[in-house]
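Observations on chain architecture
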2 protein chains.
Amino acid sequence: MAEEEVKVFRTWSSPFPLRVIWALKLKGVEFDTEYEDLSNKSPLLLQYNPVHKKVPVLLHNGKPICESLVILEYVDETWKQFPLLPQDPHERAKARFWAKFGDDKEKEREEEIPRAMEILQHLEEELKGKKFFGGEKIGLVDLALGWLAYYLGIIEEVIGLKLIDQEKFPLLLQWIQEFSTAPIIQENWPPRDELIAKFDASREAALARGLK
Amino acid sequence: MAEEEVKVFRTWSSPFPLRVIWALKLKGVEFDTEYEDLSNKSPLLLQYNPVHKKVPVLLHNGKPICESLVILEYVDETWKQFPLLPQDPHERAKARFWAKFGDDKEKEREEEIPRAMEILQHLEEELKGKKFFGGEKIGLVDLALGWLAYYLGIIEEVIGLKLIDQEKFPLLLQWIQEFSTAPIIQENWPPRDELIAKFDASREAALARGLK
């Protein structure tokens, strides 16, 4: 264990490296952290992720792995404790479907509120009869969608609009509460005030550039 | 085997169901095919893929699996013969990275030629010392990127522009040749003339709408 090199390249504010941080911590794997400044990327980050030049990167015994969902699969295959995917192939496929779903959506424009509502409705359905997307325990889908649990509230605060109400999304709200306050998850969120300040600043910059 | 229900929902022209068709045939799994008309989707397709309402869908013993890359993982886990992913976890991660890479890119606008060239350059690098992306044998990455091997030539013909030349992309051209004429792959391409007619028609419609 002590001879094993495990390092995560992250930023303080980006939600996607968190998926990897959570996974490693849930599995009890020790690791080092390298904080990147995306406006001045380190030569190491460019070397390890020459294609996308993004965080997260996981470095394991000298070998880099890129893309948060690919890293989650790798972590789950490499450290077997606290499995993130179910055993049953069809259940695994469903988990991968929802993890990918979360991943695709993050690229769409936040402004499209009706489409966002439709997406949240699908997630609400998926939570029926379950505490987490993974069932009784946190799994890969929870880690993939977990950023919603914290960042959605922050986005709501910054834009001054409630997206998730109790009446329409009771299960999703319950999940946000359960997930965001779960052990390990709770301790690893970025500071809320600083995130709000960052989002406020980029929103103001966007407004100043004439975007809505 | 005879009691097993395996069915693929596809269209005659879309490249992404082909990934699934190839995978099943490479593994020697028998299956039925359901041809969909995307302008008039069947109630079954809407029932099995209510979120994206797209092909491919794999139906296995009554259970639907959606999203071509998720289906490839499922097929590889369910039918072990002719493995599509390498055994080594780091090699698996690299394969998943490139498969996802192919998947992300398909969503970008074809018009961005310089960016497309950069992407092809990454693929050219990845092929160094290998016959297929999967090594000596076709693997998951080949199936994910395989559409390029056929559709790229058709796009070149329709837009009247050579994208891949021998000097810049010798390995990629070699791979296109090897992959598109490999057993099983070769027999399952849609008819070339009909694809060209389809692309021509949609290009003309786009030009008529004033798009370039």
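Residues numbered from 1 in each chain as written. Chains lettered and ligands numbered in written order. Predicted model: local features only at pLDDT ≥ 70, side-chain atom pairs only at ≥ 80, totals over all residues. Heavy atoms only, no water.

For the rest of this paragraph, the subject is the domain arrangement of chain A. Residues and elements named next belong to chain A. The domains assigned to chain A are domain 1 (6-78) and domain 2 (89-208). Computed from C-alpha coordinates alone, the two centres of domain 1 and domain 2 are separated by 21 Å. Listed per partner, the contact involves 16 residues of domain 1 and 22 residues of domain 2. Summed over both partners, the interface of domain 1 with domain 2 buries about 1800 Å², with 69% contributed by carbon and sulfur atoms. Per-residue buried area on domain 1 facing domain 2 is highest for Trp12, Arg19 and Trp22; these three make up 37% of the total on that side. Where domain 1 packs against domain 2, one counts one salt bridge. Salt-bridge contacts for Arg96 lead to Glu73; the nearest nitrogen and oxygen are separated by 2.7 Å. Those elements giving two or more residues to the side of domain 1 that touches domain 2 turn out to be α1 (16-26) and α3 (68-78). Per-class residue counts for the side of domain 1 that touches domain 2 are 10 nonpolar, three polar and three charged. (Domains from an automatic or database assignment. Contact = heavy atoms within 4.5 Å. Buried area = accessible area lost by both parts, 1.4 Å probe. Salt bridge = Lys/Arg side-chain N within 4 Å of Asp/Glu carboxyl O. Helix = DSSP H or I, 4+ residues; strand = E, 2+ residues; numbered from the N terminus. Nonpolar A, V, L, I, M, F, W, Y, C, P; charged D, E, K, R; others polar.)

Moving on, we get to the environment of Phe169 of chain B. Residue and element names in this part refer to chain B. With respect to the element layout, Phe169 can be found in the loop between α6 (140-159) and α7 (170-180). With a relative accessible area of 1%, Phe169 lands in the buried category. For the pair formed by Phe169 and Glu124, sequence separation is 45 residues and the distance between their alpha carbons is 6.2 Å. Not counting the four nearest positions on each side in its chain, Phe169 is found in contact with Met117, Leu120, Gln121, Glu124, Leu163 and Ile164. (Buried < 20%, exposed > 50% of the residue type's maximum accessible area, 1.4 Å probe, protein only.)

This brings us to the sheet that holds strand β4 (residues 63-66) of chain A. All names here are of chain A. The strand order across the open sheet built from four strands is β2-β1-β3-β4, with neighbouring strands paired in mixed fashion. A strand with exactly one partner marks an edge of an open sheet, and here the two such strands are β2 (32-35) and β4. Across this sheet, the average inter-strand angle for adjacent strands is 20°, counted without regard to direction. Bridge analysis of strand β1 (residues 6-10) against strand β3 (residues 57-60) gives four bridges, and the strand direction is antiparallel. Bridging from a neighbouring strand, Lys7 pairs with Leu59 of β3. Of the strands in this sheet, β1 and β3 touch α1, which is tilted by about 155° from β1. (Pairing = 2+ DSSP bridges. Axes fitted to C-alpha atoms, helices over the stretch in contact; angles between N-to-C directions.)

So, on to unusual backbone geometry. All names here are of chain A. The omega torsion of the bond from Val55 to Pro56 falls at 0°, within 30 degrees of zero and hence cis. The backbone of Lys53 sits at a positive phi, close to 55°, despite the residue not being glycine. Structurally, Lys53 can be placed in the loop between α2 (43-48) and β3.

So, on to the nonpolar core. Taken as a class, soluble globular proteins show a tendency for nonpolar side chains to be buried jointly. If you look at the biggest cluster of nonpolar residues, it comprises 71 residues, and the most contacted ones within it are Leu24, Leu143, Trp175 and Phe179 of chain B. Dropping the residues within four chain positions of it, Phe179 of chain B is found in contact with Trp22, Phe132, Ile138, Asp142, Leu143, Gly146, Ala149, Ile185 and Trp189 of chain B. Counting residues in hydrophobic clusters, the runner-up holds 69 residues, among them Val8, Ala23 and Val75 of chain A together with Tyr48 of chain B. (Core = buried A, V, L, I, M, F, W, Y, C linked by side-chain atoms within 4.5 Å.)

All right, on to α6 of chain B then. Residue and element names in this part refer to chain B. Its 20 residues give α6 an end-to-end C-alpha distance of 29 Å, which sits within 8% of 28 Å, the value for a rise of 1.5 Å per residue. A bend of about 40° at Tyr151 is the largest found in α6. Burial of α6 is extensive: 17 of the 20 residues sit out of reach of the surface. (Expected span 1.5 Å × (residues − 1). Bend = angle between axes of the 7 residues up to and from the residue.)

Between chain A and chain B, which share one sequence, the superposing operator has a rotation angle of 180° and an axial displacement of 0.0 Å; the RMSD is 0.0 Å. In the structure described here, the two chain copies are related by an operation that fits a two-fold rotation axis. Of all interface residues in chain A, 100% are interface residues in chain B too; the two copies therefore contact each other through one and the same surface. (Least-squares fit on C-alpha atoms with pLDDT ≥ 70 in both.)

A few words now on the pattern of salt bridges. For the structure on display, the rule yields 24 salt bridges over all chains. Lys27 of chain A is the partner of Asp76 of chain A in a salt bridge, and the nearest nitrogen-oxygen pair spans 2.9 Å. Of the two residues, Asp76 of chain A is situated in helix α3 and Lys27 of chain A in the loop between α1 and β2; the sequence distance between them amounts to 49 residues. For Lys27 of chain A, a relative accessible area of 3% gives the class buried. Across the pair Arg92 of chain A and Glu77 of chain B runs a salt bridge whose closest N-O atoms are separated by 2.8 Å. Residue Arg92 of chain A is found in helix α4 (residues 89-105), and its partner Glu77 of chain B is found in helix α3 (residues 68-78); the two belong to separate chains. The class of Glu77 of chain B is buried, set by a relative accessible area of 17%. Among the charged side chains, a salt-bridge network with shared partners connects Glu73, Glu77, Arg92 and Arg96 of chain A together with Glu73, Glu77, Arg92 and Arg96 of chain B.

As enumerated under the stated definition, the model contains 28 aromatic pairs over all chains in all. Seen from their ring centres, Trp175 of chain A and Phe179 of chain A are 5.4 Å apart, and the 20° between their planes marks the pair as stacked. Of the two residues, Trp175 of chain A and Phe179 of chain A are both situated in helix α7 (residues 170-180); the distance of four residues between them amounts to about one turn of the helix. For Trp175 of chain A, a relative accessible area of 1% gives the class buried. Ring pairing ties together the aromatic residues Trp22, Phe133, Tyr150, Tyr151, Trp175, Phe179, Trp189 and Phe199 of chain A, which thus form one cluster. Here the guanidinium or amino end of Lys137 of chain B rests over the ring plane of Phe82 of chain B, the centre of that ring lying 4.4 Å away. (Phe/Tyr/Trp six-rings, centres within 6.5 Å; stacked < 30°, edge-to-face > 60°. Lys NZ or Arg CZ within 6 Å of the ring centre and 35° of its normal.)

All names here are of chain A. It is the contact of helix α6 (residues 140-159) with helix α8 (residues 192-208), at a shortest axis distance of 10 Å, that shows an interaxial angle of 50°. Here α8 runs oblique to α6, going by the angle between their axes. Where α6 crosses over α8, the handedness of that crossing is right-handed. Mapping the contact onto sequence places Tyr150, Tyr151, Gly153, Ile154, Glu157, Val158 and Ile159 in α6 and Arg192, Leu195, Ile196, Phe199, Asp200 and Arg203 in α8. Per-class residue counts for the contact of α6 with α8 are eight nonpolar, one polar and four charged. (Parallel < 35°, antiparallel > 145°, perpendicular 65-115°, else oblique. Left-handed = near helix turned anticlockwise from the far one by under 90°.)

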